[in-house]
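Single-letter residue listing:
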Amino acid sequence: MKNEKPEDIWIDKQEILLRLHISNRTLQIWRSKGILPFARIGKKIFYRESDLRNLLNAHIRNDTNSGLSRVKFEDSS
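Now for a look at the structure at hand. (Residues numbered from 1 in each chain as written. Predicted model: local features only at pLDDT ≥ 70, side-chain atom pairs only at ≥ 80, totals over all residues. Heavy atoms only, no water.)

**Some points on the packing of aromatic side chains**
Put simply, the rule is: Stacked, tilted and edge-to-face pairs are distinguished by plane angle, under 30 degrees for stacked and over 60 for edge-to-face with tilted covering the rest, among Phe, Tyr and Trp rings (Trp via its six-membered ring) whose centres lie within 6.5 Å. Relative accessibility decides the category of a residue: with a 1.4 Å probe and only protein chains considered, values under 20% of the type maximum give buried, values over 50% give exposed, and everything between is partly exposed. Whether a charge lies above a ring is judged from NZ of Lys or CZ of Arg, which has to be within 6 Å of the ring centre and within 35 degrees of the ring normal.
Applying the stated criterion across every chain, the model contains one aromatic pair. A ring pair is formed by phenylalanine 38 and tyrosine 47, whose centres lie 6.5 Å apart and whose planes are at 50 degrees; its orientation type is tilted. Among the residues examined, phenylalanine 38 registers a relative accessible area of 34% and is labelled partly exposed. Here arginine 31 stacks its cationic end above the ring of phenylalanine 38, 5.8 Å away from the centre of that ring.

Pasting the structure below:
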């Protein structure tokens, strides 16, 4: 798994919920609105690591008041 590119890594719904600290309903809304692409095998839902990274990068904002300009997405590998 260490040799895989982020776009090759698939993570499950529970991992997304834990990483982003969001509710299942929020993730469901993102799926239904097409905000975060997914794949379903049976009842199990998976997301590409690269799609999650793209979503986060698309919503980066520069906030000069907080001193934070970018959040680094930690690679779990």
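Still more to cover.
**Quick notes on the sheet that holds strand S3 (residues 44-48)**
Under the convention used in this document: By the convention used here, strands pair only if DSSP detects at least 2 bridges between them. Here a strand is any run of E in DSSP of at least two residues, a helix any run of H or I of at least four, and the numbering for each starts at the N terminus. Here the axes come from fitting lines to C-alpha atoms, over the contacting stretch only for helices, and the angles between their N-to-C directions go from 0 to 180 degrees. The contact definition used throughout considers only heavy atoms, calling two residues in contact when any of these lie within 4.5 Å.
If you walk across this open sheet you meet the three strands as S1-S3-S2, and the pairing is antiparallel. Each edge of the open sheet is held by one strand with a lone partner, namely strand S1 (10-12) and strand S2 (39-41). On average, adjacent strands in this sheet sit at an angle of 35 degrees to one another, irrespective of strand direction. Across three bridges, the pairing between S1 and S3 is antiparallel. The partner of aspartate 12 across the bridge, within S3, is phenylalanine 46. Docked against the sheet, helix H1 (residues 13-20) engages S1 and S3, running at close to 80 degrees with respect to S1.

**Some points on the pattern of salt bridges**
What counts is decided by this rule: Any carboxyl oxygen of Asp or Glu that lies within 4 Å of a side-chain nitrogen of Lys or Arg is treated as forming a salt bridge with it.
Scanning the entire structure with this criterion turns up five salt bridges. Its salt-bridge partner being aspartate 12, residue lysine 44 comes within 3.2 Å of it at the nearest N-O pair. In this pair, lysine 44 is assigned in strand S3 and aspartate 12 in strand S1, connecting sequence segments 32 residues apart. Judged by relative accessible area, aspartate 12 falls into the partly exposed class, the value being 23%. Among the salt bridges present, the one from arginine 48 reaches aspartate 51, with a minimum N-O distance of 3.3 Å.

**Here we look at the nonpolar core**
As a rule of thumb, nonpolar side chains are buried together in soluble globular proteins. To keep it simple, the criterion reads: In this description, a nonpolar core means a group of buried Ala, Val, Leu, Ile, Met, Phe, Trp, Tyr and Cys residues linked to one another through side-chain atoms lying within 4.5 Å.
One finds Ile9, Ile11, Ile16, Leu17, Leu20, Leu27, Leu36, Ile45, Tyr47, Leu52 and Leu55 forming the largest nonpolar core, which totals 11 residues. Taken together, the elements giving at least two residues each to this core come down to H1, S3 and helix H3 (49-58). In terms of residue count, H1 provides more of this core than any other element does, three residues in total. In this structure, tyrosine 47 is in contact with Ile9, Trp10, Ile11, Asp12, Lys13, Ile16, Leu27, Arg31, Leu36, Pro37 and Phe38, ignoring residues within four places of it in sequence.

**Here's the deal with H3**
Residues of H3 that are buried: Glu49, Ser50, Asp51, Leu52 and Leu55. Elements in contact with the buried residues of H3: S1, H1, helix H2 (24-32) and S3.

Note that all results are geometric; they support no functional claim without further evidence.
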